[in-house]
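Below are the chains, spelled out letter by letter.
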Amino acid sequence: TQTVSQSDAHVTVFEGDSVELRCNYSYGGSIYLSWYIQHHGRGLQFLLKYYSGNPVVQGVNGFEAEFSKSDSSFHLRKASVHWSDSAVYFCAVSPYTGNYKYVFGAGTRLKVIA
Amino acid sequence: DAGVTQTPRHEVAEKGQTIILKCEPVSGHNDLFWYRQTKIQGLELLSYFRSKSLMEDGGAFKDRFKAEMLNSSFSTLKIQPTEPKDSAVYLCASSLRLGGRLEQYFGPGTRLTVL
């Protein structure tokens, strides 16, 4: 059974700051890791994914994430945030074979102060 | 391309009523998921269809929740009878599951309030 932990429920930064949202997972097999963003009142939107190759993956709007097998982590980063990045961010894990069911973390609410 | 469509966007029901939520996935996608989202529990998987076959029936949810995939382009989630604790946002998502592309496309959700 896979689990996903997002240790920070809330993160507040100023516009232009860098930010890192943390995600740790536990799963023994090949996995597909992804990040999603949810703006208020809307569904989740895909940001980026990793399942093999370069451990640093680029996503939309300047987001990137780095996979670390040794730390069982997939942290999301942005070098310079904009007020429009304020949203809830979800990390998700899915087995890469078999049932493809996602397990989502609890989410991190990012607030960017303009 | 049209994204995932969910109707209605808002639903208010009395306790004990039957409600049906509807979802149209992205055209050509072969996986469909229903989730429930609450502040306390976060995102919980209710049902998962792979090429219209039910792969996951929601475990603890299955006694009053029933999802169906009538064809590849339409799915429903029936809650019968509704209870106040069912108040939540219900999200439908679809996925192509081809060549490593497992990302899910979510609809805007249906906000259900049970009185």
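Further remarks concern the pattern of salt bridges. Charged atoms that come close allow side chains of opposite charge to pair. Residues and elements named next belong to chain B. The full count for this structure, using the stated rule, is ten salt bridges over all chains. Glu44 is the salt-bridge partner of Arg36, the closest N and O atoms lying 3.3 Å from each other. Connected through salt bridges with shared partners, the residues Arg36, Glu44, Arg64, Glu83, Lys85 and Asp86 form a single ionic network.

Right, let's get into the pairing of strand S9 (residues 88-95) of chain B. Residue and element names in this part refer to chain B. Counting buried positions along S9 yields eight of eight residues, so the element is predominantly enclosed. Burial along S9 is two-sided: Ala88, Tyr90, Cys92 and Ser94 facing one way and Val89, Leu91, Ala93 and Ser95 facing the other are all buried. As paired elements, strand S4 (residues 31-38) and S9 share seven bridges and run antiparallel to each other. Residue pairing in the sheet places Phe33 in a bridge with Ala93 of S9. Pairing of S9 with strand S11 (residues 110-114) involves three bridges; the strand directions are antiparallel. Each bridged residue has a counterpart across the sheet, and for Tyr90 the counterpart in S11 is Thr110. By the bridge criterion, three bridges tie S9 to strand S10 (residues 104-106) in an arrangement that is antiparallel. For Ser95, the partnering residue across the bridge sits in S10 and is Gln104.

Reading the values: the criteria
- Starting from 1, residues in each chain are numbered consecutively following that chain's sequence as written.
- Numbering of ligands from 1 and lettering of chains from A proceed in the order in which they are written.
- For this predicted model, a pLDDT threshold of at least 70 governs which residues receive local features, and a threshold of 80 or more governs which side-chain atom pairs are given and counted, while totals over whole chains, interfaces and linings are taken from all residues.
- Computation of side-chain values covers all heavy atoms of the structure but excludes hydrogens and water.
- In what follows, salt bridge is the name for a side-chain nitrogen of Lys or Arg lying within 4 Å of a carboxyl oxygen of Asp or Glu.
- Type-normalised accessible area, obtained with a 1.4 Å probe on protein chains alone, sets the label of each residue: buried when under 20%, exposed when over 50%, and partly exposed for intermediate values.
- Only DSSP runs of H or I covering at least 4 residues are called helices, and only runs of E covering at least 2 are called strands; the numbering of each starts at the N terminus.
- Think of it this way: DSSP has to see at least two bridges between two strands before they count as a pair.

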